[in-house]
Amino acid sequence: MRKQRGLSIFAGAVFAFLFIPLIIITITAFGENPTIQFPITGFTFQWFTAVFENQSFMDSFLLSLEVSLLATLLALIIGIPAAYALTRQGVKGKSWIKSFFLSPTIIPGVVVGYSLFQFIVIRLQIPLFTGLLLGHFLISLPYIIRVVGSSLEQLDFSIEEVAWTLGSTKFKAFISIVLPNISSSIFASFMLAFINSFNNIPVSQFLSGPGISTLPTTLMNYIEYNYNPVVSALSVLLMLGTIILMFLIEKTLGLAKVV
Amino acid sequence: MSFVDLKNIRVSYDGKNNILKELNLSMEKGELISLLGPSGCGKTTTLRVIAGLIEPNDGTFTVGDSNLTKVPVHKRNFGMVFQSYALFPHLTVRENVGFGLKLRKEKKEVIEKKVQAILEATDLSHYAERYPKQLSGGQRQRVALARALVIEPQLLLLDEPLSNLDAKLRISMRIEIKRIQRKLGITTVFVTHDQEECFSISDKVAVMNNGVIEQYDSPEEIYKNPKTEFVARFIGFENFFALTKQDTHTYTTSDGTLIETVHSAGRQQTTGTIRPDDILLSAHDQEIPSNSLAGTIRVRTFLGKSYQYEVETSIGKLLVNDVQVPGYQVGDKVFVVIPKEKLILV
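Residues numbered from 1 in each chain as written. Chains lettered and ligands numbered in written order. Predicted model: local features only at pLDDT ≥ 70, side-chain atom pairs only at ≥ 80, totals over all residues. Heavy atoms only, no water.

**Thoughts on the overall build of chain A**
For chain A, the helix and strand inventory stands at 12 helices and 0 strands. Taken from the N to the C terminus, the helices and strands of chain A come in the order α-α-α-α-α-α-α-α-α-α-α-α. Each principal axis of the C-alpha distribution contributes one length, and for chain A these read about 70 × 65 × 30 Å. A buried classification covers 41% of the 259 residues belonging to chain A. Only carbon and sulfur atoms are counted for the fraction: they give 71% of the accessible area of chain A, which is about 14200 Å². With 13 positive and 10 negative side-chain charges, chain A shows a separation of 17 Å between the mean positions of the two kinds. (Helix = DSSP H or I, 4+ residues; strand = E, 2+ residues; numbered from the N terminus. Buried < 20%, exposed > 50% of the residue type's maximum accessible area, 1.4 Å probe, protein only. Areas by Shrake-Rupley, 256 points an atom, 1.4 Å probe, with all protein chains shown as cover. Lys, Arg positive; Asp, Glu negative; His and termini not counted. Charge placed at Lys NZ, Arg CZ, Asp CG, Glu CD.)

Printed below as a string of C-alpha cells:
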C-alpha cells in the first residue's frame, strides 16, 4: 500500500508539472492587465475579442485550415492505397519503405523543415502555397500510413478473398469490404494528421513567406513583438480545438489504439 | 476425363522450393473428396489453386470442358468456406449471405427468396438481422456455408471448416455438411488434418505429404491398406520393421523369424507395419504360436478401454494395445502374435 501511495504522489507531481503551465496560460487569458500576469487582476473576455479582430490571425487561421485540410485529404488519397499495398502485397523491401514513410515522425522537425526548404523553395522554386501544402502533405502521410496500416494488419485478409470467390473484383472488394471495416481508423488518422499539420511550426516556418503564413507561425512572430494576453487567448482557443478533435477520435476509435 | 482435373500442378513461391510438385488429382461430379495431411503438406495450397487464389507455375486445371487455369478467382463461381469463416463484420447475416447474389445482378425479389431459402435450410432465419460478432462459432460456420452455397457454385471448397469448433459441434456439423452436400449433389473439396473427420465424411481421400499426393483412395482402402510408410504413420500404424522376401507371402525379419502375410511386395527388401490394436499377446507358458516373436513387457500404460504395452523383441520395440484383464506386468515374458491379414507391407 505504501509503495502504491508513493507512486500516485509521483504520478500526481508529473501531471501537475505538465498541466500547471497550461492552466496558468488559460487563466492569464482572462486578466485585465495588458501584459501577461499571474495571478490576474479583474476578469474580461476582451483578449478573445481581440483575437477575432486581428486580421492577420484570422487570415492565417483560414490559411492553416485550408493547408491542413487539403494536405491531409491528399495524404489520405495517397496513404490509404500505400498502406494497403504495404500490408497486402509482397512489396520488395517492405520494411525499408515502411521506415522511410515513417521517417518524418522520427527526424527532428527542423531538419525536415530545412530540407524541404532547400528542395521545394530554393531548388524547385515552387510557389509558396503549393510548397507549404506539399510540406504538410509529407508530414501528414506517416500518420495515415501508420494508423490505417495497423488496422489493415488486424483485418482478416480472408474476408477479401471470400469476396473475390463470391464474384467481386479486387477493386470492388476493397471498396465494399475493406473500406467499411477500416473507416474508423481512417477518420482517426485524418484527425491526428490534421491536428499535427495544423499545429506544426518547424515545417511551416521554413516554407512560409510574405502573405503565406500559418496560424502557429503568425503567433510565434506576434509573441516576438507583443507580450499580451491575446497570445494566451489564442492558445486557449487552439487547445480547445485540439481537445474537441481528440475527443472525437476517442469516441470513434479510442486514443490508446491510435497513439 | 473426370469432372474436375488437376494435371501436373506445380506451385513455387520463390522459384526454388516447390510447394506442390507434379500434383495430379481428379474428381467425379457430386463427389466429396478430402485433402488430408499434416500442416505444411500443401493441402491448403492445392485448395487455393482450385479456388484461383494462387496461380500455379505449371499445370492445368479443368472443370467439365473448360480450362480454368488462367480464369481469375471472381469469375470461377466456386463457393469457399475459410477456417476463420471470414464473415463480413460490417454486414448482417442476411447481407453476408446475399453478398454474392447481389454481385450477380439478380433481381431483388430473387435474391431475397434465395437468401431466405438458404437461411431456413441452414437453420439461421432467426439470426438473419444479427451481426457476425453476435453469433456463436457454430452459427458463424453455418453463415459461411450458407454464403458459399447460395451462389449455386460449381465446386464447394472447405478449408478446415470445423477446426474452430468444439468436439461435439464438430461431429454434428460434419454430418450436416455431408447431408447438404449429398442433397445438393455439389462436388466438394474438403481440407483437414483430422483423419477421423476426413474418413467419416469423404468419398475419397488424398493423403498429402511434401507437396505430393501419397495415396488417393476410398477411406476404407486407406485405412486398411496404406501404400506408403508416410500414409501408414499418419493414420495410426506405429510399428515398423524391415522384412526380406522369401516367397510371395513369406518374409523373414532381421533376426530370421519367418512371418507370413496375405499381402505381397514387389521388392526384395520391404517394411512391415501393423497397428498396435491389431497385435495379439499370448503368455510365455503357452506353446509358441505361429507368426509370432518372443518379447518382454517394458512399459505398461492404462488407456481406459485397453492397456498399451511397449514390448521389447529381437526386432526392436513394438507397441501393442491389449484389452485382456488383468493384463501383463512389466518384465513379463510374452509372445507377440502378428495376424497375417493385418500385417501390411509398405
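Picking up where we left off.
**Observations concerning the sheet that holds strand β3 (residues 32-36) of chain B**
All names here are of chain B. What the 6 strands build is an open sheet, ordered β6-β7-β8-β3-β9-β10; its pairing is mixed. Each edge of the sheet is formed by a strand with only one pairing partner; in this case those strands are β6 (78-81) and β10 (212-217). Shown here is a sheet whose adjacent strand axes are inclined to one another by a mean of 15°, direction ignored. Pairing of strand β9 (residues 204-209) with β10, which is carried by 5 bridges, proceeds in the antiparallel orientation. By the bridge assignment, Val 205 is partnered in β10 with Asp 217. (Pairing = 2+ DSSP bridges. Axes fitted to C-alpha atoms, helices over the stretch in contact; angles between N-to-C directions.)

**A word on helix α4 (residues 137-149) of chain B**
Between its first and last C-alpha atoms α4 of chain B spans 18 Å; for 13 residues at 1.5 Å apiece the expected length is 18 Å, and the two agree. α4 of chain B sits mainly inside the fold: 11 of its 13 residues count as buried. Residues of α4 of chain B that are buried sit in contact with α7 (158-165) of chain A together with β6, α2 (93-103), α3 (108-121), β7 (155-159) and α5 (167-184) of chain B. (Expected span 1.5 Å × (residues − 1). Contact = heavy atoms within 4.5 Å.)

**Here we look at the interface of chain A and chain B**
On the chain B side, the residues contacting the 17 residues of chain A number 20 residues. Of the roughly 1700 Å² buried at the junction of chain A and chain B (both faces included), carbon and sulfur atoms supply 68%. Here chain A and chain B share 1 salt bridge between them. Counting across the interface, chain A meets chain B through 6 residue pairs in polar contact (both at pLDDT 80 or more). Sorting the residues of the side of chain A that touches chain B by element identifies α7 and α8 (170-199) of chain A as the ones contributing at least two each. Class assignment for the residues of the side of chain A that touches chain B results in 7 nonpolar, 7 polar and 3 charged. (Buried area = accessible area lost by both parts, 1.4 Å probe. Salt bridge = Lys/Arg side-chain N within 4 Å of Asp/Glu carboxyl O. Polar contact = N/O pair within 3.5 Å; in protein donor to acceptor, adjacent residues only side chain to side chain. Nonpolar A, V, L, I, M, F, W, Y, C, P; charged D, E, K, R; others polar.)

**Notes on the sheet that holds strand β12 (residues 250-252) of chain B**
Residues and elements named next belong to chain B. With respect to topology, 5 strands assemble into an open sheet ordered β13-β12-β11-β14-β20, the strand pairing being antiparallel. Both outer strands of the open sheet, β13 (258-260) and β20 (344-345), are each paired with one neighbouring strand and no more. Two elements, strand β11 (residues 239-247) and β12, share 3 bridges in a ladder whose sense is antiparallel. The residue bridging Thr 244 from the neighbouring strand is Thr 252, located in β12.

**Focus on the packing of aromatic side chains**
All names here are of chain A. Within the structure shown, the criterion is met by 21 aromatic pairs over all chains. A centroid spacing of 5.8 Å and a plane angle of 40° characterise the contact between Phe 117 and Phe 206, whose relative ring orientation is tilted. Here Phe 117, found in helix α5 (residues 109-123), pairs with Phe 206, found in helix α9 (residues 202-207); they are 89 residues apart in sequence, far enough to count as distant. Taken together, the ring pairs in this structure connect Phe 30, Phe 43, Phe 45 and Phe 48 into an aromatic cluster. Seen from the ring of Trp 164, Lys 170 lies directly overhead, with NZ or CZ sitting 4.5 Å from the centre. (Phe/Tyr/Trp six-rings, centres within 6.5 Å; stacked < 30°, edge-to-face > 60°. Lys NZ or Arg CZ within 6 Å of the ring centre and 35° of its normal.)

**Some details on the pairing of β3 of chain B**
The side chains of a regular strand alternate between both faces of the sheet. Residue and element names in this part refer to chain B. Here β3 lies mainly inside the structure; 5 of its 5 residues are buried. Neither face of β3 is open: one carries Leu 32, Ser 34 and Leu 36, the other Ile 33 and Leu 35, and all of them are buried. With 5 bridges connecting them, β3 and strand β8 (residues 187-192) associate as parallel partners. Its bridge partner being in β8, Leu 32 is matched across the sheet by Thr 188. Judged from the 4 bridges that link them, β3 and β9 form a sheet pairing that is parallel. Residue pairing for β9: Ile 33 is matched across the bridge by Lys 204.

**Thoughts on the nonpolar core**
Core analysis: the largest hydrophobic core is formed by 132 residues, its most contacted members being Phe 61, Phe 88, Val 97, Leu 155 and Leu 157 of chain B. Per-element tally for this core: the top contributor is α8 of chain A, with 14 residues. Contact partners of Val 97 of chain B, with chain neighbours within four places excluded, come to Val 115, Ile 118, Leu 119, Val 143, Ala 146, Arg 147 and Val 150 of chain B. Ranked by size, the runner-up nonpolar core spans 22 residues in total, among them Phe 241, Ile 315, Val 336 and Ile 338 of chain B. (Core = buried A, V, L, I, M, F, W, Y, C linked by side-chain atoms within 4.5 Å.)

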